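Structural characterization, general
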Amino acid sequence: MTPLVLALNLCLSFAGLSLLALSLDRHHRDAFGARVPKARARMLRIAGWLAIALSLVAAVAAEGVNFGPVQWIGALTGGALPAVALLSYRPAWLRPAALAALPLALVSLALVLTA
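Residues numbered from 1 in each chain as written. Predicted model: local features only at pLDDT ≥ 70, side-chain atom pairs only at ≥ 80, totals over all residues. Heavy atoms only, no water.

**Describing the packing of helix H1 (residues 2-22) against helix H4 (residues 94-114)**
Put simply, the rule reads: Between N-to-C directions, angles span 0 to 180 degrees; the directions come from axes that are lines fitted to C-alpha atoms, helices contributing only their stretch in contact. For the purposes of this entry, the term helix denotes a DSSP run of H or I that reaches at least four residues, the term strand denotes a run of E that reaches at least two, and both are numbered from the N terminus. Here the angle decides the label: under 35 degrees means roughly parallel, over 145 means roughly antiparallel, 65 to 115 means roughly perpendicular, and every other value means oblique. Here a crossing is called left-handed whenever its near helix is offset anticlockwise from the far helix by less than a right angle, and right-handed whenever the offset is clockwise. Contacts: residue pairs with any heavy atoms within 4.5 Å of one another. The residue classification treats Ala, Val, Leu, Ile, Met, Phe, Trp, Tyr, Cys and Pro as nonpolar and Asp, Glu, Lys and Arg as charged. All others, Gly included, are polar.
Between H1 and H4, the least distance of the axes is 8 Å, while the angle of their chain directions is 150°. Accordingly, the angle class assigned to the pair H1 and H4 is roughly antiparallel. Considering only the axes of H1 and H4, their crossing is left-handed. Packed against H1, whose contacting residues are Leu4, Val5, Ala7, Leu8, Cys11, Leu12, Phe14, Ala15, Ser18, Ala21 and Leu22, the element H4 presents Leu94, Arg95, Ala97, Ala98, Ala101, Leu102, Leu104, Ala105, Ser108, Leu109, Leu111 and Val112 at the interface. Considering only residue class, the contact of H1 with H4 consists of 20 nonpolar, two polar and one charged.

Below you can see the structure in the form of C-alpha cells.
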C-alpha cells in the first residue's frame, strides 16, 4: 500500500506547494500576468496549507506514527522539485499542473481506501 499512499502524498504535496507559491505576488504575476488580489492570496494560502496537512494526515493514517512523517517529508521534497522547476522554466504551466494533481490525488485516495 506504500506506493499508493506515496502517490497520494506526492499529488497533495505538489498541489499544496504550488498553491502556496501562487499566493505570492511574484509567482502569481509570472503565472497569470497580474498581481494577486488579497482575497485570492488568502484563499490560495488556506488551500495550500490544507493540502499539505491532508498529506500529513494521509501518511500518518496509512503508515503509522513511526514511518508516516518520514514518508510525508519525502513527499514534500518530491512535490517541491517539480513545483520549483515549473516556476523556474514554465510558470504558466504551474496552475494547470496543480489542478491536474488534485484529481490524481482523489484517484489515489480511492485506490488507497479500496486496497
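**Observations regarding the environment of Ala31**
Residue position: Ala31 is located in helix H2 (residues 25-32). In sequence terms Ala31 and Pro91 are 60 residues apart; their C-alpha atoms lie 4.9 Å from each other. Ignoring sequence-local partners within four residues, the contact set of Ala31 consists of Leu22, Pro91 and Ala92.

**What to know about helix H3 (residues 38-89)**
Test applied: A helix is expected to reach a length of 1.5 Å times the quantity of its residues less one. Each residue is assigned a bend, namely the angle between axes fitted to the seven residues that terminate at it and the seven residues that start at it.
Along its 52 residues, H3 runs just 26 Å from first to last C-alpha, ending more than 12% under the 76 Å computed at 1.5 Å per residue. The largest bend along H3 measures about 135° and falls at Gly64.

**A short note on the pattern of salt bridges**
Note the cut-off: Each salt bridge in this description consists of a side-chain nitrogen of Lys or Arg and a carboxyl oxygen of Asp or Glu lying within 4 Å of one another. Note on exposure labels: buried denotes an accessible area under 20% of the residue type's maximum, exposed denotes more than 50%, and partly exposed covers the range between, all computed with a 1.4 Å probe on protein chains only.
Tallying each qualifying case throughout the model produces two salt bridges. Taking the shortest distance from any N to any O, the salt bridge between Asp25 and Arg29 comes out at 2.9 Å. Residue Asp25 and its partner Arg29 are located together in helix H2, separated by four residues, close to a single helical turn. Classification of Asp25 as partly exposed rests on a relative accessible area of 21%. A salt bridge links Asp25 to Arg35; the shortest N-O distance between them is 3.3 Å. Note that Asp25 is positioned in helix H2 and Arg35 in the loop between H2 and H3, a separation of ten residues in sequence. Judged by its relative accessible area of 61%, Arg35 is exposed. The network of salt bridges with common partners includes Asp25, Arg29 and Arg35.

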